[in-house]
Amino acid sequence: MKHLNKVVVALMLFVATTSFVNAQSKVAHIDVTQLLGAMPEMKTAEAELMKLQETYNADIQASMTELRNKVTQYQNEAPSKTKEENEKRAIELQGFEKNIGEAQQAAQQEFQKKQGELFAPISEKAKAAIEKVATAQGYDYVIDAQQGAGLIVARGKDLLADVKKELGF
């Protein structure tokens, strides 16, 4: 019986200690999307991406206009051309359409690559600032408070203002 009492007491001490340690963990939250959107570097990167997107769109539109013009020209000239010439022209137009599709895919891939190149250092800077502020304020966990990211209740400390201050804006 004495042995059982020692086990029960040890178990109770373990549970109490675990509860105390868990109660000491501090949790904060921050809306990372809002932070990134407020960073001046992000605005610069988004402007650069918008310019790149406009360039790609202009190139694709120019190719589409050229294709439409050729289609119209070939349709107008079709009655005066031989069947073989018209078939050759149809194949040429199909090749041109294929090239435009490939150019669109290449532009999309280049855009995504550039986006990754521009956003990665900004995200790393934000993460480093969040970690620095959380450590300085004694937080063990920081949860992303973005809508739909899984955070149900946000009663803890919001680090957004402190992280913005750390980043200098």
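Residues numbered from 1 in each chain as written. Predicted model: local features only at pLDDT ≥ 70, side-chain atom pairs only at ≥ 80, totals over all residues. Heavy atoms only, no water.

Visitor: Mind showing me how you'd approach the sheet that holds strand β2 (residues 141-144) here?
Guide: Sheet strands pair via backbone hydrogen bonds, and the direction of the pair is either parallel or antiparallel. Taking strand neighbours across the sheet as the criterion, the three strands line up as β2-β1-β3 in an open arrangement whose pairing is parallel. Two strands in the sheet have a free side with no partner beyond their single neighbour: β2 and β3 (157-158). Judged from the four bridges that link them, strand β1 (residues 27-30) and β2 form a sheet pairing that is parallel. Looking across to β2, one finds that I30 is bridged to D144. (Pairing = 2+ DSSP bridges. Helix = DSSP H or I, 4+ residues; strand = E, 2+ residues; numbered from the N terminus.)

Visitor: Just checking my understanding: could you explain helix α3 (residues 40-77) for this structure?
Guide: The periodicity of an α-helix, 3.6 residues per turn, causes residues three or four positions apart to be oriented the same way. Counted at 1.5 Å a residue, the expected span for α3 with its 38 residues is 56 Å, and the 56 Å between its end C-alpha atoms agrees. Here α3 has its buried residues at M42, A45, L49, Y56, I60, L67 and Y74. Residues of α3 that are buried in the fold lie against α2 (32-38) and α4 (83-136). (Expected span 1.5 Å × (residues − 1). Buried < 20%, exposed > 50% of the residue type's maximum accessible area, 1.4 Å probe, protein only. Contact = heavy atoms within 4.5 Å.)

Visitor: When you look at the side chain of D31 in this model, what are you seeing that I'm missing?
Guide: Mapped onto the elements, D31 comes out in the loop between β1 and α2. Of the buried charged residues, D31 lacks a salt bridge, with K164 as the closest side chain of opposite charge at 10 Å. At 3.1 Å, the side chain of D31 and the backbone nitrogen of T33 are in polar contact. Among the polar contacts listed, one links the side chain of D31 to the backbone nitrogen of Q34, at a separation of 3.1 Å. Setting aside its immediate chain neighbours within four residues, D31 contacts D144, A145, Q146 and L160. (Lys, Arg positive; Asp, Glu negative; His and termini not counted. Salt bridge = Lys/Arg side-chain N within 4 Å of Asp/Glu carboxyl O. Polar contact = N/O pair within 3.5 Å; in protein donor to acceptor, adjacent residues only side chain to side chain.)

Visitor: Looking at this model, I keep getting lost on the packing of aromatic side chains. Mind explaining?
Guide: The geometry of an aromatic ring pair is captured by two quantities: the separation of the ring centres and the angle between the planes. As enumerated under the stated definition, the model contains zero aromatic pairs in all. We note K26 situated over the ring of Y139; from NZ or CZ to the ring centre the distance is 4.6 Å. Here the guanidinium or amino end of K70 rests over the ring plane of F96, the centre of that ring lying 5.7 Å away. (Phe/Tyr/Trp six-rings, centres within 6.5 Å; stacked < 30°, edge-to-face > 60°. Lys NZ or Arg CZ within 6 Å of the ring centre and 35° of its normal.)

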